[in-house]
Amino acid sequence: MCVFCKIVDKQIPAEIVYEDDKYLAFKDINPKAPTHILIIPKKHIESFHLVKDKDDKKLVKWLLDIAWEIIDQQNLPGCQLHMNSWSDHGQEVPHIHLHLLSKDKTSIKW
Ligand code: 5GP
Ligand code: ZN
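Cut-offs applied
Residues numbered from 1 in each chain as written. Chains lettered and ligands numbered in written order. Predicted model: local features only at pLDDT ≥ 70, side-chain atom pairs only at ≥ 80, totals over all residues. Heavy atoms only, no water. Patch = residues over 30% accessible without salt bridge, like charges linked within 9 Å, V, L, I, M, F, W, Y side chains within 5 Å. Areas by Shrake-Rupley, 256 points an atom, 1.4 Å probe, with all protein chains shown as cover. Salt bridge = Lys/Arg side-chain N within 4 Å of Asp/Glu carboxyl O. Lys, Arg positive; Asp, Glu negative; His and termini not counted. Charge placed at Lys NZ, Arg CZ, Asp CG, Glu CD. Helix = DSSP H or I, 4+ residues; strand = E, 2+ residues; numbered from the N terminus. Phe/Tyr/Trp six-rings, centres within 6.5 Å; stacked < 30°, edge-to-face > 60°. Buried < 20%, exposed > 50% of the residue type's maximum accessible area, 1.4 Å probe, protein only. Polar contact = N/O pair within 3.5 Å; in protein donor to acceptor, adjacent residues only side chain to side chain. Donors = N, O, S within 2.8 Å, 3.2 Å for Na, K, Ca; no water. Tetrahedral: all angles 85-135°; square planar, octahedral: opposite > 155°, others 65-115°. Near = heavy atom within 4 Å. Nonpolar A, V, L, I, M, F, W, Y, C, P; charged D, E, K, R; others polar.

### Notes on a positive patch on the surface
Residues K52, K54, K57, K58 and K61 make up a contiguous surface patch of positive charge. Relative to the assigned elements, K52 resides in the loop between strand 3 (35-41) and helix 2 (54-61).

### Here's the deal with the packing of aromatic side chains
Taken as a whole and assessed by the stated rule, the structure comprises one aromatic pair. Both rings, one in F4 and one in F26, keep their centres 5.2 Å apart while their planes meet at 75 degrees; by these two values the pair is edge-to-face. Remark: F26 occurs in strand 2 (residues 23-27) and F4 occurs in helix 1 (residues 3-8); sequence separation between them is 22 residues. On the basis of relative accessibility, which here comes to 6%, the residue F4 falls in the buried class.

### Observations regarding the environment of H89
Its place among the elements puts H89 in the loop between strand 4 (80-82) and strand 5 (98-102). Taking the C-alpha atoms as reference points, H89 and K10, separated by 79 residues in sequence, lie 28 Å from one another. A polar atom in the side chain of H89 sits 3.0 Å from the side chain of D88.

### A short note on the coordination of the zinc ion (ligand 2)
C2 (SG), C5 (SG), H44 (ND1) and H95 (ND1) make up the full set of protein donors to the zinc ion (ligand 2), lying at 2.0 to 2.3 Å. Note that the zinc ion (ligand 2) binds four donor atoms; their angles at the metal cover 104 to 119 degrees, and the shape is tetrahedral. In the primary sequence, the donor residues of the zinc ion (ligand 2) line up as C-x2-C-x38-H-x50-H. Linking C2 in the segment before helix 1 with H95 in the loop between strand 4 and strand 5, this pair joins segments that are 93 residues apart in sequence. For C2, a relative accessible area of 12% gives the class buried. Given a relative accessible area of 0%, H95 falls into the buried group.

### Description of the site of ligand 1
Lining the immediate surroundings of ligand 1 are 17 residues, of which D28, G90, E92, H97 and H99 lie closest. Between ligand 1 and the protein, one listed contact pairs an oxygen atom with a side-chain N or O atom of H99 at 2.8 Å. Alone, ligand 1 offers 520 Å² of accessible surface; in the complex the protein occludes 88% of this. Considering each element in turn, the shell around ligand 1 owes the most residues, three residues, to helix 1. The residue inventory of the shell around ligand 1, partitioned by class, reads seven nonpolar, six polar and four charged.

Shown next, in the form of C-alpha cells:
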C-alpha cells in the first residue's frame, strides 16, 4: 500500500484539511510554502499519465473542485497549483496528487 493510501486508511497520521467519500486533502509533511496542501482522490491511481478510464478522468478533474473549496474555506487570496507526473518529472509518491501552495498563511485554524 502506498503512503497516501495509508493516510486515507488512517494507518499513518496527517493533518487533514478536507475529507469526503472520494477525496482527501492534507498538509504536506515538508511544506515548500506557508500553505502547502496535497489533494488526492482516495482511489489509488499511480500517475496522471495512467488515467484513461472516463470515470477516473472525471475523478481527477474534480480535484480542482476540492482546491476551490479549500481556497474559499481558507480565504486564500492567491495560490499555485501543480501536479507532477512520473518520477523523472518530480513525482515522488506514486498516487495522484494536486499540490496547492500559497505564500499566504491560512487565516482560519484547521
Ligand atoms: P511529489 O514530489 O510526488 O509531487 O510530491 C509528494 C509530496 O508528498 C512531497 O511534497 C512530500 O513532502 C509529501 N509527502 C511525502 N510523504 C508524506 C507523508 O507521509 N505525509 C505527508 N503529509 N506528506 C508527504
Ligand atoms: Zn495510493
